[in-house]
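One-letter residues, chain by chain:
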Amino acid sequence: MAHFRPMARIISHLGERLISSTKVALLELVKNSYDAKSKFVEITINQYDKQIIIYDEGHGMDDKTIENHWLVVGTNNRLQRKGSIGDDQEEVPLGEKGLGRFSTMKLGNHLLLQTSTKDSDVQWNLEIDWTKFGYKSDLYLDQVNNNLYELSKQKEGSYTKLIISDIKDFISEEWDKVEVEKFISNTAAKYINPFYELPRKFNIKVWFTDRNNKKSFIKIGQTEKELLGQAHHEIKGKYTPGKIHYQFQVRRNGTIVDQGEDNILLDSKIEDRDPLESGFIGEFRFHFYIFNRRRLNEMTGFENTRVIREILDRYTGGPMIFRDGFRIFPYGDPGDDWLELNKEKYRKGKASIIGEQTTGYIALNSNKSPYLVDQTNREGLVKNKSYENFNFIVKSVFQKLLNIVERNEPKETSSDITSHAKKSAMNIEKTILKISQSSDIEEKDIKLIIQESKLINKGIKELNRREKALLETSSVGMTSMQIAHEIHNFMQKILSKLDDLKRELPNVYLTNIEMLELNIKSLKTMISQIDEQASTLRRAKSKVNLVDQIQQIVDTSKSLLSNYNNRAIEINVESEVVSLYIKVNKGLLIQLFDNLLINSFYWINSLGTSDEIDKGVINIKIQRDGNVVFYDNGPGISILDAEAIFEPFFSRKRDGKGLGLFICREIAAYHKINLEILEYRNQRDRLYCFNLDFSEIVLGGEI
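Residues numbered from 1 in each chain as written. Predicted model: local features only at pLDDT ≥ 70, side-chain atom pairs only at ≥ 80, totals over all residues. Heavy atoms only, no water.

**What about the nonpolar core?**
Keep this limit in mind: Put simply, a nonpolar core is a bunch of buried Ala, Val, Leu, Ile, Met, Phe, Trp, Tyr and Cys residues held in one set by side-chain atoms that sit within 4.5 Å of each other. Categorising residues by exposure relies on relative accessible area from a 1.4 Å probe, with only protein chains included: less than 20% of the type maximum marks a residue as buried, more than 50% marks it as exposed, and the intermediate range marks it as partly exposed. Helix and strand definitions follow DSSP, with helices as H or I runs of at least four residues and strands as E runs of at least two, each counted in order from the N terminus. We call two residues in contact whenever any of their non-hydrogen atoms come within 4.5 Å of each other.
Ranked by internal contacts, the top residues of the largest apolar core, which has 53 residues, are Ile43, Ile52, Ile54, Ile184, Phe202 and Ile204. The leading source of residues in this core is helix H2 (residues 22–35), at seven residues. Not counting residues up to four positions away in its chain, the partners in contact with Phe202 are Val30, Ser33, Tyr34, Ser38, Lys39, Phe40, Val41, Ile192 and Phe326. Counting residues in each nonpolar core, the second largest holds 45 residues, with Ile550, Val577, Leu596 and Ile622 among its members.

Here it is, written out as structure tokens:
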């Protein structure tokens, strides 16, 4: 009978050659301490003695455990424990391949293991010379003996201490205390999910002994929750097969300007409901934070923006992935753009999401996501079908977040552009005056003039673009009024002919003719509204019953709802009076309310409702005193946009011209109607209610 006989150097392939880096090797040993039920792990990096010591007070081991488990390559005892735990349990054993202990070989050439169990009177020592298992070793695995012996127990309780000597890292000249602390803050500080609590308490303690034998404690910083609570954008939620449920918040100057929650229903690309099929992902949680580094001065509670940048530098780089509370490298490390956040696909207009602005976590549970598994070298997940689906889902969340960022991106109003241009002109004027007085031109003066000139030129180009858009809009408006007038006359002729046919044809055709006549009259009513706007050139005003007119506008506008079919919309008109007469230009009044209604139609269909119901609702309330309140259950308006929405060319719509509400306020001002947005806020903490005060132009009438 023939058997495989492994060379001792096979251990090298499982240790120093398989474990990719020092940070990963240390993490594997930290996870071992957690699995041993210890409340802490203590790491000592000792340059003086060229040692790394890892100590915990977990359940410890006796000689049988060392021989039958610790020294068994690929032992499956933790895998068996994991399989016996239900899917609803958050605490899961971290090891399963039985290879984590070989991380000690990555760190140093010699190992002394000291361990004892709670009830034991002895301490078991195991000495391993890893050089005998090195790549150049000529020995067979069964020819290498490791020294296992017992000593008197030096302290009570259970514990395990790994003393790794002749270490391979942290000993060269560049490893001073500052560099060691930087390494720890970038690695050990994020071994445990700093954003999310573990099922049980577990701390990492790190000590450093320098070349002069001076010992110091390295503080492991927890995530600065005060800073995370001020993120400009954040989104969190949970994925369950086929659906992402998320909540989001947007902040500006410390104030929440947009928030809400919704679901993303995934299409047939993601079929993962069966845990036995390829591509299954299972459940996971996520929480992402986006910081705009140009707006760090909005953060409070920190000494200066430099401190904020230092914190962000430690945590940003994209979202990190944690399984069962412990880090999976390299996700979230600088330079690891696993979600391709730094590519053009995460840019829309002036809005963008990039890795250096992003932090947060994805929390996996190994029992709930059994096919999202580590590569053998512990550097990343295996690129299988489940990983592809997982990657697609996380990118879907970031695409949704990009839309939220884009619609809340600050936009310049025309007055902003004018103000910036004036400021630039003043800076140029002051610089030229300084040059003329000193007769000396410095390079910085030239750069300033060029820079400010470019800003003025940019502003002029934008104003020219807006002027052109306004002319185009005016041209379309004039043309539409001319066409509407001709169509209106033509329809009148058609109705006259239909009236003749009703008299000439047999009664059997009467029903069809009357139906045709009714449809044409409805179309004629809509066209007449555009035609009536031709009179706005003369600004003619007439006596109008506001109650009847608003109801007529609403009835006519309902025909437009077929263009917005994502969500059903209901329009309610409620009045405290039967009639309320005012003197207005009827065409302009129609235009004012049409713009308000179309805005509501668009945003309810685009972004849903703030109260999370399926149906959109628009309410118009006419009050006895002449005030008309107009509101809907759409997403609402950012507090910071409250005045900007009335500026020309300010729009949050994709490809919007930004003239609708500007025209509404101009129409209102012409009629001495006060149009304003009220301070009431919806469930997303956004403004949603307009008030139109007609009290100055009420003529009286039947109440």
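**Here's the deal with the pattern of salt bridges**
The condition is simple: Each reported salt bridge corresponds to a side-chain nitrogen of Lys or Arg within 4 Å of a carboxyl oxygen of Asp or Glu.
This model, assessed by the stated rule, comprises 19 salt bridges. Residues Arg295 and Glu298 are paired through a salt bridge, measuring 2.8 Å at the closest nitrogen-oxygen approach. Look at Glu298 and you get buried, because its relative accessible area is 13%. When the shortest N-O distance is used, the salt bridge between Asp374 and Arg323 registers 2.7 Å. Taken together, the residues span a long stretch of sequence, with Asp374 in the loop between strand E17 (358–364) and helix H9 (385–407) and Arg323 in strand E13 (residues 320–323) at a distance of 51 residues. For the pair shown, Asp374 and Arg323 are each scored as buried. Taken together, the shared-partner salt bridges in this structure form one network comprising Lys23, Arg327 and Asp333.

**Digging into the sheet that holds strand E8 (residues 215–218)**
Going by this rule: A strand pair is defined by DSSP finding two or more bridges across the two strands. Between the N-to-C directions of two axes lies an angle of 0 to 180 degrees, each axis being a line fitted to C-alpha atoms and, for a helix, fitted only over the stretch in contact.
With respect to topology, eight strands assemble into an open sheet ordered E5-E4-E3-E6-E2-E1-E7-E8, the strand pairing being mixed. Both outer strands of the open sheet, strand E5 (147–152) and E8, are each paired with one neighbouring strand and no more. Within the sheet, the average angular offset between the axes of one strand and its neighbour, ignoring direction, is 20 degrees. Note: strand E7 (residues 203–209) against E8, four bridges, orientation antiparallel.

**Some remarks on the sheet that holds strand E10 (residues 243–252)**
The strands making up a sheet are joined through hydrogen bonds of the backbone, oriented either antiparallel or parallel. Ordered in space as E11-E10-E9-E12-E17-E13-E14, the seven strands form an open sheet in which the pairing is mixed. Because the sheet does not close on itself, it has two edges, and the strands there are strand E11 (255–265) and strand E14 (326–328). Between one strand and the next, the sheet's axes are offset by a mean angle of 20 degrees, whatever the strand orientation. Bridge analysis of E13 against E14 gives three bridges, and the strand direction is antiparallel. The partner of Phe322 across the bridge, within E14, is Arg327.

**Thoughts on the pairing of strand E22 (residues 627–632)**
Most of E22 sits inside the fold, with six of its six residues counted as buried. Along E22, one buried face is formed by Asn627, Val629 and Tyr631 and the opposite face, lined by Val628, Phe630 and Asp632, is buried too. Count of turn residues in the strand E21 (residues 616–622)/E22 antiparallel hairpin: four residues, of which Gly626 carries a positive phi of about 100 degrees. Judged from the five bridges that link them, E22 and strand E24 (residues 689–693) form a sheet pairing that is antiparallel. From the neighbouring strand, Phe630 faces E24, where its bridge partner is Phe690.

**Some details on the side chain of Asp258**
We apply this condition: Pairs of N or O atoms within 3.5 Å make up the polar contacts considered here, provided that, within protein, one atom can donate a hydrogen while the other can accept it, and that residues adjacent in sequence are counted only when both atoms are side-chain atoms.
For Asp258, the location among the structural elements is in strand E11. At 3.3 Å, the side chain of Asp258 and the side chain of Arg686 are in polar contact. When near neighbours in sequence (up to four residues on either side) are disregarded, Asp258 contacts Phe248, Gln249, Val250, Arg407, Asn408, Arg684 and Arg686.

**Quick look at helix H13 (residues 546–557)**
What counts here: One less than the number of residues in a helix, times 1.5 Å, gives the span that helix is expected to have.
The terminal C-alpha atoms of H13, which comprises 12 residues, lie 16 Å apart, in line with the 16 Å expected from a rise of 1.5 Å per residue. Within the span of H13, buried status applies to Leu546, Val547, Gln549, Ile550, Ile553, Val554, Thr556 and Ser557.

**Observations regarding the confidence of the model for the chain**
The test is simple: Values of pLDDT, the confidence the predictor places in each residue, fall between 0 and 100.
Looking at the chain as a whole, its pLDDT mean stands at 82, while 83% of the residues score no less than 70. Between residues 78–86, whose pLDDT stays under 50, and residues either more than four places distant or in other chains, the model counts 21 contacts.

**Quick word on the packing of aromatic side chains**
The following threshold applies: Put simply, two rings from Phe, Tyr or Trp (the six-membered ring, in Trp's case) pair if the centres are within 6.5 Å, and we call them stacked under 30 degrees between planes, edge-to-face over 60, tilted for the rest. Both a distance and an angle decide whether a charge sits over a ring: NZ of Lys or CZ of Arg must be within 6 Å of the ring centre and within 35 degrees of the ring normal.
Counting across every chain of the model gives 28 aromatic pairs. In this structure, Arg101 is placed above the aromatic ring of Trp70, and the distance from its NZ or CZ to the ring centre is 5.8 Å. Note that Arg665 overlies the ring of Phe646, its terminal NZ or CZ placed 3.7 Å from the centroid.

**Describing the environment of Ile220**
Here Ile220 shows up in the loop between E8 and helix H7 (225–228). Overall, Ile220 belongs to the buried group, its relative accessible area being 14%. Among residues more than four places away in sequence, those in contact with Ile220 are Ile184, Ala188, Ala189, Ile204 and Val206.

**With respect to the pairing of E24**
Extensive coverage of E24 is indicated by the burial of four of its five residues. Taken together, the four bridges between strand E23 (residues 674–677) and E24 define a ladder with antiparallel strand orientation. Counterpart to Glu676 in the pairing with E24 is Asn691.

**Some words on the packing of helix H14 (residues 586–607) against helix H15 (residues 660–670)**
The criterion, for reference: Put simply, a crossing is left-handed when the front helix is turned counterclockwise from the back one by less than a right angle, and right-handed when it is turned clockwise.
Running from N to C, H14 and H15 cross one another at 145 degrees; their axes reach a closest spacing of 9 Å. Two packed elements cross with a definite hand, and for H14 against H15 that hand is left-handed. Of H15, the residues touching H14 (which contributes Leu588, Gln591, Leu592, Asn595, Leu596 and Asn599) are Gly660, Leu661, Ile663, Cys664, Ile667, Ala668 and Tyr670.

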